[in-house]
Amino acid sequence: MAGVMRLLVILEEDSRIKLELPNGIPSSVDEVIQEIKNFCGLTNDIRLQYKDADFGTWVNLTSTSELKDLGTLKVINVVPSVTLFLEPVEYSVDNANFQRQDDSSMSSSACSGDTLPVSSPSSDTYRKEQWPKVFLIPTFSHSTETQLRDGNAEYQRSQVRLTPSSKMLSNILETLADKVYSYKSYPSDADFSEVAEALTQTHPCLKEPGSFNHSYGWKQRLKTKMYNYRTYLKSHSSSSDELTVNTVKRKLPTDAHPAKNIKKPRRAESNHYPSLPFNETPESMEQERVALLSEVKKRNNVQTIRQKMAQTFSFRRQEIVDKKTSLHEMIERWPALFEVHEVNEEFLRVTTIPLEARFMQKLDEKCSELIQVVRKKGGAIREKTKLLPIVETDTDTTTKRVIALKCVILNMGESVEDLIKEFLVSEKEEAGQILQQETIAIFVIRDAQAATKDIGIILEGQEVVNKLASVANAVAILLGFLYALNLEYPKTLKLTFEYIQKVFMELDPKGMATKVKKLYDQLYNRA
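Owing to the predicted nature of the structure, the values given are computational and were not obtained by experimental measurement.

## Looking at the overall build of the chain
Point 1. When helices and strands are tallied, the chain shows 20 helices and nine strands.
Point 2. The proportion of buried residues among the 527 residues of the chain is 46%.
Point 3. A separation of at least 24 residues holds for 60% of the contacts in the chain among residues at least 6 apart in sequence.

Have a look at this one:
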């Protein structure tokens, strides 16, 4: 099918989104499912239903031929089957006494209203996904769900709101806190607002009278619950390094102040400070690091290196965040991290988002429109864009990507030359001297016929990678290095990298700077 197709997607009873497919309906149902999962940030298995005109009811979607523009789809979560393997265990009186004491203490805590997380993160796993585009309210306890169902029905009939009991209120807040923590340990004010609004939209009987958005009180309660939740995990969980690292006891004497040198995610790093794997210590991880150095020297050993880099991720990440290790030392201690494929892998570990694939997809998505929007602007931007090549119908994708990236830089009021340094082969010696003075840069070496001979990245005056496929690839890999090494964005290119982060990579898209938001709206929110 051709042309833009618009679909209404029902995620839950009170949660609906509008999905636009610029290339029409995909050829298979699996592709439609993938489009919906990508757009909504869903990770679980789903199936789709459509409203059948003949029977007037919802029917499983088995062919995309049933879909039409302005049609409606319902998302059905697929619950995976679970197989239990039961094995006999030895039972002793001591075990029985211990279990009874444990159950008793747990019941006492729950009844006293203390913050008791529904579940705590596994000690040998990391966060697997970013904050979703659409926050779906989790399922509460059976008792709470029953009361909410009845409350919602009554609200629909008479607009009478439900007043939750203390037990129900506790269950709602604990379940929400657990869900929020699965994405972020330190959610922002905007995140809390989003969750609170999603709660009152999903369960309208919980709307609050007198609140400008019917959910402000829930937002404040959830903030308090998250603080208590983190406090509980600090003292009860063995996998809470990202929380305990900011306690005064863990800080250096010079930083022994609660608000000083706080180590928190700043750019949507899902795994900013992960805990070491279960039963691992800094000493055992150091042994793995040394073993990794030997593996790097072997040929055709990519798979083994990848496994060991994944195994030592938390140890390496803590070292980077804690010690702010110098680049020279990082190259010596972790040489594999400076291979292109490992930069991609490390970025995925830190953010849960694929690096080059996502970057190229989003860059290509609005490449032509971006160039047109920026070229239409007046003043200094127009004069500078006149120096860029004209995009023709036969212009290759690589060239269009470079022009688009330069347009982003110029639109942000920043200088292309601060990021991309171009030299001729005959200027190689002079280029080396110039690049040694650069903190962050991409270099391009061309011959006399303007053919590209080499593209690489400079960090702190050192060439860390070369022979890259294109400038666009270099920009993506540079972003990967900034995340992998926990480096700040260069001040002269701060807005450019914020645009790349929030728009191309869709990492923490809330709270864009004015120039970033304006360009985003011109491309994505045009009437």
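Don't stop here, the text continues.
## Concerning the packing of aromatic side chains
Point 1. Under the defined criterion, the tally for this structure stands at 13 aromatic pairs.
Point 2. For the ring pair Phe-347 and Tyr-483, a centre distance of 5.1 Å and an interplane angle of 75° mean the geometry is edge-to-face. Taken together, the positions of Phe-347 in helix H12 (residues 340-351) and Tyr-483 in helix H18 (residues 471-484) put the pair 136 residues apart, joining distant regions of the chain.
Point 3. One aromatic cluster in this structure is built from Trp-131, Phe-135 and Tyr-183.
Point 4. For Lys-184, the ring lying beneath its charged end belongs to Trp-131, and the centroid distance is 5.4 Å.
Point 5. Over the ring of Tyr-524 we find Lys-366, and its NZ or CZ is 5.1 Å from the ring centre.

## Some details on the nonpolar core
Point 1. Ranked by internal contacts, the top residues of the largest apolar core, which has 77 residues, are Phe-359, Ile-457, Phe-481, Tyr-499 and Phe-504.
Point 2. No other element matches H18, which puts 12 residues into this core.
Point 3. Counting 27 residues, the second largest nonpolar core, distinct from the first, contains Leu-148, Ile-172, Tyr-183 and Leu-199.

## Remarks on helix H19 (residues 494-504)
Point 1. Burial within H19 is extensive, with nine of its 11 residues counted as buried.
Point 2. All of the buried residues along H19 are Thr-496, Phe-497, Glu-498, Tyr-499, Ile-500, Gln-501, Lys-502, Val-503 and Phe-504.
Point 3. Where H19 is buried, its residues contact helix H13 (355-365), helix H14 (367-375), helix H16 (397-411), H18 and helix H20 (514-524).

## Concerning the packing of H16 against H19
Point 1. H19 packs onto H16 with a crossing angle of 120° between their chain directions and a minimal axis gap of 9 Å. Between H16 and H19, the angle is such that the two are oblique. Considering how the two elements wind past one another, H16 and H19 form a crossing that is right-handed. Where H16 abuts H19, its residues Leu-405, Val-408 and Ile-409 lie against Thr-496, Tyr-499 and Phe-504.
Point 2. Its residues placed into classes, the contact of H16 with H19 shows five nonpolar, one polar and no charged.

## What about the sheet that holds strand E8 (residues 452-459)?
Point 1. If you walk across this open sheet you meet the four strands as E6-E7-E8-E9, and the pairing is mixed. A single partner strand is all that each edge strand has here, and the edge strands are strand E6 (420-424) and strand E9 (462-465). Taken over all neighbouring pairs, the strand axes of this sheet differ in orientation by 35° on average, direction set aside.
Point 2. Judged from the three bridges that link them, E8 and E9 form a sheet pairing that is antiparallel. Along E9, the bridge assignment pairs Leu-459 with Gln-462.

## Structural notes on unusual backbone geometry
Point 1. Phi is positive for His-214, close to 65°, though the residue is something other than glycine.
Point 2. Here His-214 is to be found in the loop between helix H5 (189-202) and helix H6 (216-236).
Point 3. Phi at Ala-450 takes a positive value of approximately 70°, unusual for a residue other than glycine.
Point 4. For Ala-450, the position within the fold is in the loop between strand E7 (440-446) and E8.
Point 5. For Ala-450, a relative accessible area of 49% gives the class partly exposed.

## A look at the confidence of the model for the chain
Point 1. The pLDDT averaged across the chain works out to 86; a share of 86% of its residues lies at or above 70.
Point 2. Note on residues 81-85: pLDDT is under 50 here. Beyond four places in sequence and across chains, it has zero contacts.
Point 3. Per-residue pLDDT stays below 50 along residues 89-124; that stretch engages in 31 contacts with residues further than four places along the chain or on separate chains.

## Comments concerning the pattern of salt bridges
Point 1. Considering all chains together, one arrives at 32 salt bridges under this definition.
Point 2. Note that Arg-349 and Glu-346 form a salt bridge whose closest N and O atoms lie 2.5 Å from each other. Linking Arg-349 with Glu-346, this pair stays in helix H12, spanning three residues, or about one helical turn.
Point 3. The class of Glu-346 is buried, set by a relative accessible area of 0%.
Point 4. Between Lys-362 and Glu-506 there is a salt bridge, and its shortest N-O distance comes to 3.3 Å. Residue Lys-362 is found in helix H13, and its partner Glu-506 is found in the loop between H19 and H20; the two are separated by 144 residues along the sequence.
Point 5. Exposure remark for Lys-362: the relative accessible area of 8% places this residue in the buried category.
Point 6. Its relative accessible area of 25% is what places Glu-506 among the partly exposed residues.

## Side note on the pairing of E7
Point 1. Counting buried positions along E7 gives six out of seven residues, so the element sits mostly inside the fold.
Point 2. Of the pairings in the sheet, the one linking E6 to E7 comprises five bridges and is parallel in character. From the neighbouring strand, Ile-420 faces E7, where its bridge partner is Ile-442.
Point 3. Note that the unit made of E6, helix H17 (residues 428-435) and E7 has a crossover that is right-handed.
Point 4. Here E7 runs beside E8; their pairing, made up of seven bridges, is antiparallel.

## A word on the environment of Leu-363
Point 1. Mapped onto the elements, Leu-363 comes out in helix H13.
Point 2. Look at Leu-363 and you get buried, because its relative accessible area is 1%.
Point 3. As for Leu-363 and Phe-504, which are separated by 141 residues in sequence, their C-alpha atoms are 6.3 Å apart.
Point 4. The contacts of Leu-363, once residues within four sequence positions are left out, are Arg-401, Ala-404, Leu-405, Ala-472 and Phe-504.

About the thresholds
- The written sequence of each chain sets the order in which its residues are numbered from 1.
- Totals for whole chains, interfaces and linings use every residue, but because this is a predicted model, local features are given only for residues with pLDDT of at least 70 and side-chain atom pairs only at 80 or more, for both listing and counting.
- In computing side-chain properties, one takes all heavy atoms of the structure into account and sets aside hydrogens as well as water.
- The secondary structure listing takes helices from DSSP runs of H or I that are at least 4 residues long and strands from runs of E that are at least 2 residues long, numbered from the N terminus.
- Three exposure classes are used, based on accessible area relative to the maximum for each residue type with a 1.4 Å probe and protein chains only: buried under 20%, partly exposed in between, and exposed over 50%.
- Residue contacts are counted whenever heavy atoms from the two residues lie within 4.5 Å of one another.
- Only Phe, Tyr and Trp rings are paired, with Trp represented by its six-membered ring, and only when their centres lie within 6.5 Å; those with planes under 30 degrees apart are stacked, over 60 edge-to-face, the remainder tilted.
- Two thresholds decide whether a charge sits over a ring: the Lys NZ or Arg CZ must be within 6 Å of the ring centre and within 35 degrees of the ring normal.
- Put simply, a nonpolar core is a bunch of buried Ala, Val, Leu, Ile, Met, Phe, Trp, Tyr and Cys residues held in one set by side-chain atoms that sit within 4.5 Å of each other.
- Lines fitted to C-alpha atoms define the axes here, with helix axes fitted over just the stretch in contact, and angles between the N-to-C directions of these axes take values from 0 to 180 degrees.
- Note that the term roughly parallel is reserved for angles under 35 degrees, roughly antiparallel for angles over 145, roughly perpendicular for angles of 65 to 115, and oblique for everything else.
- Note on convention: the crossing is left-handed when the near helix lies turned anticlockwise from the far helix by less than a right angle, right-handed when the turn is clockwise.
- The residue classification treats Ala, Val, Leu, Ile, Met, Phe, Trp, Tyr, Cys and Pro as nonpolar and Asp, Glu, Lys and Arg as charged. All others, Gly included, are polar.
- Here, any two strands with at least 2 DSSP bridges between them count as paired.
- Note: pLDDT gives the predictor's confidence per residue, expressed from 0 to 100.
- What counts as a salt bridge is simple: a side-chain nitrogen of Lys or Arg found within 4 Å of a carboxyl oxygen of Asp or Glu.
- Handedness of a crossover is defined as follows: orient the strands so they point away from the viewer, and if the path from the first strand over the helix to the second runs clockwise, the crossover is right-handed.

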